[in-house]
Amino acid sequence: MNIAIDGPAGAGKSTIARLVANRLGFLYVDTGAMYRAIALYILDSHVDPENADALNTALDQIHIDIVYENGVQHVLLNLQDVSAEIRSPKVSMMASTTSAIPAVRAKLLDLQRNLAAKNDVLMDGRDIGTNILPNAELKIFLTASVEVRAKRRFDEMVQRGERLDIEDVKADIQQRDTQDMNRAVAPLKQAEDAVFIDSSYMTIEEVVKEIMTLAEKVKQENA
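Residues numbered from 1 in each chain as written. Predicted model: local features only at pLDDT ≥ 70, side-chain atom pairs only at ≥ 80, totals over all residues. Heavy atoms only, no water.

(A) Highlighting the layout of surface pockets. By volume, the largest pocket amounts to about 850 Å³. Gly-12, Ser-14, Thr-15, Arg-153 and Glu-156 are, among the 35 residues lining the largest pocket, the residues nearest its centre. Broken down by secondary-structure element, the contributors of at least two residues to the lining of the largest pocket are helix H1 (13–24), helix H2 (31–44), strand S4 (72–77), strand S6 (121–125), helix H7 (146–159) and helix H9 (204–222). Considering only enclosed or pocket space, the second largest pocket measures out at about 190 Å³ in volume. Pro-89, Ser-92, Arg-153, Met-157 and Asp-172 are, among the 16 residues lining the second largest pocket, the residues nearest its centre. (1 Å grid on protein atoms, 1.4 Å probe; cavity = no way out; pocket = protein on both sides within 12 Å on 5 of 7 lines; lining within 4 Å. Points joined across faces, edges and corners; volume = space filled by probe spheres on them. Helix = DSSP H or I, 4+ residues; strand = E, 2+ residues; numbered from the N terminus.)

Encoded structure:
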């Protein structure tokens, strides 16, 4: 069984998806982390993503693995665990840019679909239900207001010891929303058969319970 969760930056997709997958006994796949790993490599290598030749050369040098330790996903970039490094705002913005490039998406598409074909998978991202797993048995579009998403992201960064202005975080999220929704390749949008959930005024547990209820209903229907 495959479950797809899509939504904008800061909607809580990763947190919710990780909890639901753990309770269902599913493999959790954070596709955004894969794109962030590529973005990190491009930044560290000073590659111009608009230079097709340079980008293709860089992509040939990138190897990404997803491994799990005690149920926790780790992203390996050329055998190095970059799970922490890929969460910076700079990497986030580069990932939003590079994820719109067909060559980048093609590199990760097979990896993502192979994981889904071999496992009960809960996968989150921007275009899982519309593009990566269009036949997923359950699709969720998870969102929240810009203000709520900015506050969540701000709190995460403060906990990591980063100093920043919440208005800057809000501006970054709004810019990323614009990029993600208007990119030419696989833009962020709600799949026609996805269940819409606005988590602005919901607790994490409330969202988890709602998705669990939907998943159990689908499992019973397909039994």
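(B) Representation of the pattern of salt bridges in the model. Applying the stated criterion to the full structure yields 12 salt bridges. Asp-180 is the partner of Arg-126 in a salt bridge, and the nearest nitrogen-oxygen pair spans 2.9 Å. With Arg-126 in the loop between S6 and helix H6 (128–132) and Asp-180 in helix H8 (residues 166–182), this residue pair connects regions lying 54 residues apart in the sequence. We classify Arg-126 as buried; its relative accessible area is 13%. The exposure class of Asp-180 is buried, given its relative accessible area of 1%. Here Asp-180 makes a salt bridge to Arg-183, at a shortest N to O gap of 3.8 Å. (Salt bridge = Lys/Arg side-chain N within 4 Å of Asp/Glu carboxyl O. Buried < 20%, exposed > 50% of the residue type's maximum accessible area, 1.4 Å probe, protein only.)

(C) Highlighting the packing of aromatic side chains. Applying the stated criterion to the full structure yields one aromatic pair. The interplanar angle of 15° and the centroid separation of 6.3 Å between the aromatic rings of Phe-141 and Phe-196 together place this pair among those described as stacked. Separated by 55 residues along the polypeptide, Phe-141 in strand S7 (residues 138–143) and Phe-196 in strand S8 (residues 195–198) bring together distant segments of the chain. A relative accessible area of 11% means that Phe-141 is categorised as buried. (Phe/Tyr/Trp six-rings, centres within 6.5 Å; stacked < 30°, edge-to-face > 60°.)

Spatial relationships are all this shows, so hold off on functional conclusions.
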